[in-house]
Amino acid sequence: MIKAVYFFTLFSSVLISCQVEKNSNKYPNTVGDIEFDGKPDDIDFKKCGAGKDAPFSFQYYQGTKGFDYKGEKIAIVEKLKKENIYSKKKIYGYITVRFLVNCEGKTGLFRLKAMNSDLKDDVLDEEVENKLLKFTKSLDGWQPKDIKGFKVDYYQYLTYKIENGKVSEVLP
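The rules behind these values
Residues numbered from 1 in each chain as written. Predicted model: local features only at pLDDT ≥ 70, side-chain atom pairs only at ≥ 80, totals over all residues. Heavy atoms only, no water. Helix = DSSP H or I, 4+ residues; strand = E, 2+ residues; numbered from the N terminus. Buried < 20%, exposed > 50% of the residue type's maximum accessible area, 1.4 Å probe, protein only. Contact = heavy atoms within 4.5 Å. Areas by Shrake-Rupley, 256 points an atom, 1.4 Å probe, with all protein chains shown as cover. Disulfide = S-S within 2.5 Å. Salt bridge = Lys/Arg side-chain N within 4 Å of Asp/Glu carboxyl O. Axes fitted to C-alpha atoms, helices over the stretch in contact; angles between N-to-C directions. Parallel < 35°, antiparallel > 145°, perpendicular 65-115°, else oblique. Left-handed = near helix turned anticlockwise from the far one by under 90°. Nonpolar A, V, L, I, M, F, W, Y, C, P; charged D, E, K, R; others polar.

**Quick look at the overall build of the protein**
- Of the regular secondary structure elements, the protein holds three helices and seven strands.
- Across the protein, helices and strands are ordered from the amino to the carboxyl terminus as α-β-α-β-β-α-β-β-β-β.
- Evaluated residue by residue, the protein yields a buried proportion of 33% over its 172 residues.
- Long-range contacts, defined as pairs at least 24 residues apart, comprise 68% of the intrachain contacts of the protein with a sequence gap of at least 6.
- Taken as a whole, the protein presents about 11,400 Å² of accessible surface, with 56% of it coming from carbon and sulfur.

**Structural notes on the state of the cysteines**
- Inspection of the entire model under this criterion finds one disulfide.
- Disulfide pairing is shown between C48 and C103; the S-S distance is 1.9 Å. Here C48 and C103 share a disulfide; its torsion about the S-S bond, -105°, makes the bridge left-handed. Of this pair, C48 sits in the loop between α1 (2-23) and β1 (58-59) while C103 sits in the loop between β2 (93-101) and β3 (107-116), placing them 55 residues apart in sequence.

**Let's talk about the environment of K81**
- With respect to the helices and strands, K81 occurs in helix α2 (residues 72-83).
- For K81, a relative accessible area of 58% puts it in the exposed group.
- In this structure, the C-alpha to C-alpha distance between K81 and V167, residues 86 residues apart in sequence, is 9.0 Å.

**Observations regarding the side chain of N102**
- Tracing the sequence through the fold places N102 in the loop between β2 and β3.
- Given the relative accessible area of 3%, N102 is considered buried.

**Description of the pattern of salt bridges**
- Enumeration according to the criterion identifies five salt bridges in this entry.
- Put simply, E78 and K81 hold a salt bridge, and the shortest N to O gap is 3.8 Å. One end of the pair, E78, and the other, K81, are both in helix α2, three residues apart, so they sit about a helical turn from each other.
- On the accessibility criterion, E78 (37% relative accessible area) is partly exposed.
- Linking K161 and E163 is a salt bridge whose minimum nitrogen-to-oxygen distance equals 3.8 Å.

**Observations regarding unusual backbone geometry**
- The step from L171 to P172 runs through a cis peptide bond, and the omega angle for that step is 10°.
- Here P172 shows up in the segment after β7 (166-171).
- In this structure, L109 takes a positive phi of about 55° despite not being glycine.
- Position of L109 relative to the elements: it lies in strand β3.
- Non-glycine residue N164 carries a positive phi angle of around 55°.
- Relative to the assigned elements, N164 resides in the loop between β6 (154-163) and β7.
- When its relative accessible area of 37% is taken as the criterion, N164 is described as partly exposed.

**Let's talk about the packing of α2 against helix α3 (residues 126-138)**
- Packing of α2 against α3 leaves a shortest axis separation of 11 Å and a crossing angle of 135°. Put simply, α2 runs oblique to α3. Considering how the two elements wind past one another, α2 and α3 form a crossing that is right-handed. Between α2 and α3, the residues in contact are I76, K79, L80 and E83 and L132, F135 and S138, respectively.
- A per-class count over the contact of α2 with α3 returns four nonpolar, one polar and two charged.

Quick look at the structure:
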């Protein structure tokens, strides 16, 4: 009986390690990394360390401050109000723009995802999506993140909650 348990444990370990090895190349260096794409991305945007192919970037919540924008989120909300971005359609959902802030506070590698109110991928209003992407790209108050005395790249996102065609909230 003990030999059977030992054999089963050994067999399970080998099987699991084979499965992990098999899937390990499926994902980028860190799950969620945005890979450079020459079509939408600015060729001049550089990650710290090793250019556009730097192997690692932090997330917005790592380090001492969670939201590193000059004037905090309220400054973004105020600027958005002045832009008056809205849809003539009565749409409901979320538009998320994710991007990288480098060690100089410059932004790049922007990606947009829109979801309806049921959180299903959807195109809510292409014109509004493009305006919110352009607005997000225009934000120039991002601060470099400092972790243990080093300025580092980090991923940031803004999610615009859309209700009745208007942005009702900016997250996080």
